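# Per-entry structural report
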Amino acid sequence: MLTSAFYFIAFVTIFFAIMVVVSKNPIHSVLYLVLTFFCISANYIFMLDATFVGMVNVIVYAGAIMVLFLYVLMMMNLNAIAEQKRSVLFKISAAVTGGMLLLVLVAALKDANLQIQGSALEAEQRIGSIKVLGYVLYSKYQLPFEVASILFLVAMIGAVVLGKKDNSTKTIGIEPVK
Amino acid sequence: MMVLIILTAAGILAMFASVFNGRSVVLPVSLSGLFAAGYFALLEWNTNTTYFEAMRMDNFAIAFTVVCLFAAFVFLLLYHYMHYSSDVHYAEVISIILFSLAGVVVMVSFTSMLMLFLGIEILSLSLYILAGLKKKDLLSNEASLKYLLMGAFATGFLLFGIAMLYGATGSFMLSDIAYYLGLHKAVAEPFIVTGIIMLMIGLLFKVAAAPFHFWTPDVYQGAPTLVTGYMATVGKVAAFAALVRVFQLGFSPALETYQFLFAAVAVTTMFIGNITALYQKSVKRMLAYSSISHAGYMLIALMAANEVTNGAVLFYSIAYTLASLLAFAVVAILQQKSGSDEVSVFNGLSKSSPLMSITFAVAMLSLAGIPPTAGFFAKFYVFSAAISDGWVWITVLAIINSFISVYYYFAPVIASYMKKGNEEGIVLATPVKVLLAIIALLTLLIGLLPGSLSYLI
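## A look at the overall build of chain A
Per the secondary structure count, chain A includes seven helices and zero strands. Written out in order from the N terminus, the α and β elements of chain A read α-α-α-α-α-α-α. For chain A, with 178 residues in total, the buried portion stands at 25%. Surface summary for chain A: the accessible area is close to 12800 Å², and the carbon and sulfur share equals 73%.

What follows is the structure, encoded as structure tokens:
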């Protein structure tokens with residue numbers, strides 16, 4: 001039962017993911033991407049019992065980020081601009097490279113006999129609950145959790161620095177040549 | 001741990017100083033932060049303290065931390081003297097630098113894959129922002145966006161690799177992964193192979209090794225020159241330290257399997273870097289290709305993987321950092337003055353600023369690996385590490401590459417001494433003069449007395 005459910009969800013996920021790439025209209029691409037995120041969340045929730053991660057994935061990715069993306073696309077009105085024409089050679093080489101990566105990965109991983117190690121097995125049984133997740137975050141992974149805050153601080157400062165309007169004509173680096 | 005806290009605190013202070021109109025205290029705060037961080041890092045020498053099972057300040061980590069702190073110190077001083085009055089984002093830039101150093105500390109001291117990822121991301125994110133500082137310059141915008149997109153792609157590979165390794169070994173800890181690899185003789189298991197190679201791709205992108213180097217010239221050229229100097233020194237040295245660390249602590253049983261892959265990457269990197277550098281008009285682009293080729297030389301030391309590897313990599317990093325800092329500082333000053341980064345701006349430099357021309361010559365000699373400078377012994381240690389491990393052919397190729405590199409390193413030096421140009425004197429602030437002189441002297445000093453430094457770690 002669970003296996004067939006997995007195959008179904010995986011098939012739908014990959015189908016939507018392909019549609020993201022294939023569809024001509026960027027708005028459709030974004031909408032398909034939202035659906036892909038929903039399917040991935042379904043995988044988290046039903047297969048891995050990771051309800052919290054699944055919900056966060058829906059709220060943050062499918063909800064916030066993709067809607068933002070959609071707004072940007074609509075504001076830029078990319079519909080009107082035709083897709084940049086790429087040469088045939090470029091397309092062929094991209095397809096060959098991507099196909100080769102796929103082939104190698106499938107060939108390498110098709111008969112991988114994965115034995116789940118001790119700690120992963122232990123974690124797997126209880127990983128879903130928020131309680132366990134919180135406990136692990138604040139004990140075992142405390143330092144990485146704290147260090148992540150520096151990352152977000154840098155990102156915020158960066159957004160302000162790059163987004164703020166420069167009033168002075170002078171900018172860093174080359175001074176205006178007299 | 002203290003190092004991390006101090007750097008972050010100094011960054012936050014520097015950031016808030018600008019809010020309260022305290023632009024003048026930003027530099028003292030950040031410099032004292034750097035010195036305090038360096039002091040607390042050195043206090044932990046030989047202690048091997050582990051924090052939260054996620055990072056360990058061993059001698060390797062401390063040495064690379066101090067090298068990067070020094071590079072940041074030079075960057076901050078130069079940045080202060082060149083942009084204090086002109087840049088509206090003065091304080092923010094300095095605080096981003098301090099935060100990026102926190103990322104560097106994490107990158108060189110991690111024992112857990114999670115910390116590796118976070119450290120790399122903190123440093124990279126800072127560099128993406130710094131690359132785009134010239135907001136009205138299209139090249140700078142392009143550099144920032146290109147670096148961000150390519151970097152995000154590489155990070156995807158890195159994460160995919162970490163996930164594969166976690167799936168196979170059940171742990172993020174480097175020691176657990178090494179234990180698993182040794183216990184199960186599992187270096188050829190599909191998941192492990194895929195994981196290690198994906199991780200390699202992610203890290204080789206960060207050190208700008210071929211064939212993952214395509215972003216380097218454009219980003220290095222587009223970014224503000226001082227920032228390029230920071231990228232080429234701190235960015236590269238920290239990423240390289242992370243690469244060495246992950247392979248030594250985590251994949252040491254697998255290193256022999258991947259040695260040939262590293263050899264192939266090293267050879268391609270050296271040839272692509274050096275040969276493309278030959279026909280660059282812009283000094284910045286030339287230095288970008290030269291930094292690619294230096295990644296190749298450093299990879300040789302990693303590939304040799306014997307007891308002298310760490311010492312050789314550290315020595316090479318120090319020599320490369322000093323020389324690159326000097327080179328980029330001179331190029332930045334000249335670019336600010338003339339607005340161009342062509343080789344022709346060096347014409348007549350020996351008349352207009354003897355100090356800059358002589359320090360630049362020292363930097364080029366060191367990068368090319370000519371004897372009285374640090375660069376010679378850097379290459380000497382790397383090559384002897386390779387030969388003692390039986391890699392003679394790769395050493396021969398590397399020496400051929402060193403000869404090729406002499407040609408393009410000397411072009412600006414010849415221009416500054418032989419060609420006539422603008423002879424109007426360039427006035428430098430005294431601290432900048434002292435700084436340039438000190439770095440040049442250090443380069444010569446290390447070249448004359450290389451002994452103890454190479455056995456430090």
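There is more to say after this.
## Topic: the pattern of salt bridges
All names here are of chain B. Scanning the model with the defined rule gives six salt bridges over all chains in all. Asp137 is the partner of Lys134 in a salt bridge, and the nearest nitrogen-oxygen pair spans 3.3 Å. Judged by relative accessible area, Lys134 falls into the buried class, the value being 4%. The exposure class assigned to Asp137 is partly exposed, which follows from its relative accessible area of 22%. The salt bridge involving Lys146 is made with Glu142; its shortest N-O contact spans 3.1 Å. Of the two residues, Lys146 and Glu142 both sit in helix α6 (residues 138-169), four residues apart, roughly one turn of that helix. Of the residues examined, Lys146 reaches a relative accessible area of 28% and is grouped as partly exposed. A relative accessible area of 36% places Glu142 in the partly exposed class.

## Structural notes on the interface of chain A and chain B
Counting residues at the interface gives 35 residues for chain A and 49 residues for chain B. For the pair chain A and chain B, the two sides together bury roughly 4000 Å², of which 76% comes from carbon and sulfur. At the junction of chain A and chain B, the tally comes to three residue pairs in polar contact (both at pLDDT 80 or more). For the side of chain A that touches chain B, the elements supplying multiple residues, two or more each, are α4 (88-109), α5 (118-126) and α7 (142-163) of chain A. Broken down by element, the side of chain A that touches chain B gets its largest block of residues, 14 residues, from α7(A). Tallied by class, residues from the side of chain A that touches chain B come to 22 nonpolar, eight polar and five charged.

## With respect to unusual backbone geometry
Comment: phi is negative for the bulk of residues other than glycine, and the bulk of peptide bonds are trans. Residue and element names in this part refer to chain B. Of the consecutive residues Ala210 and Pro211, the connecting peptide bond is found in the cis state with omega at 0°. Its place among the elements puts Pro211 in the loop between α8 (190-206) and α9 (215-222). Phi at Asn48 takes a positive value of approximately 55°, unusual for a residue other than glycine. Looking at where Asn48 falls in the secondary structure, it is placed in the loop between α2 (23-43) and β1 (49-51). Exposure remark for Asn48: the relative accessible area of 43% places this residue in the partly exposed category. Positive phi, normally seen in glycine, also occurs at Phe52, with a value near 50°.

Rules and cut-offs
Residues numbered from 1 in each chain as written. Chains lettered and ligands numbered in written order. Predicted model: local features only at pLDDT ≥ 70, side-chain atom pairs only at ≥ 80, totals over all residues. Heavy atoms only, no water. Helix = DSSP H or I, 4+ residues; strand = E, 2+ residues; numbered from the N terminus. Buried < 20%, exposed > 50% of the residue type's maximum accessible area, 1.4 Å probe, protein only. Areas by Shrake-Rupley, 256 points an atom, 1.4 Å probe, with all protein chains shown as cover. Salt bridge = Lys/Arg side-chain N within 4 Å of Asp/Glu carboxyl O. Contact = heavy atoms within 4.5 Å. Buried area = accessible area lost by both parts, 1.4 Å probe. Polar contact = N/O pair within 3.5 Å; in protein donor to acceptor, adjacent residues only side chain to side chain. Nonpolar A, V, L, I, M, F, W, Y, C, P; charged D, E, K, R; others polar.

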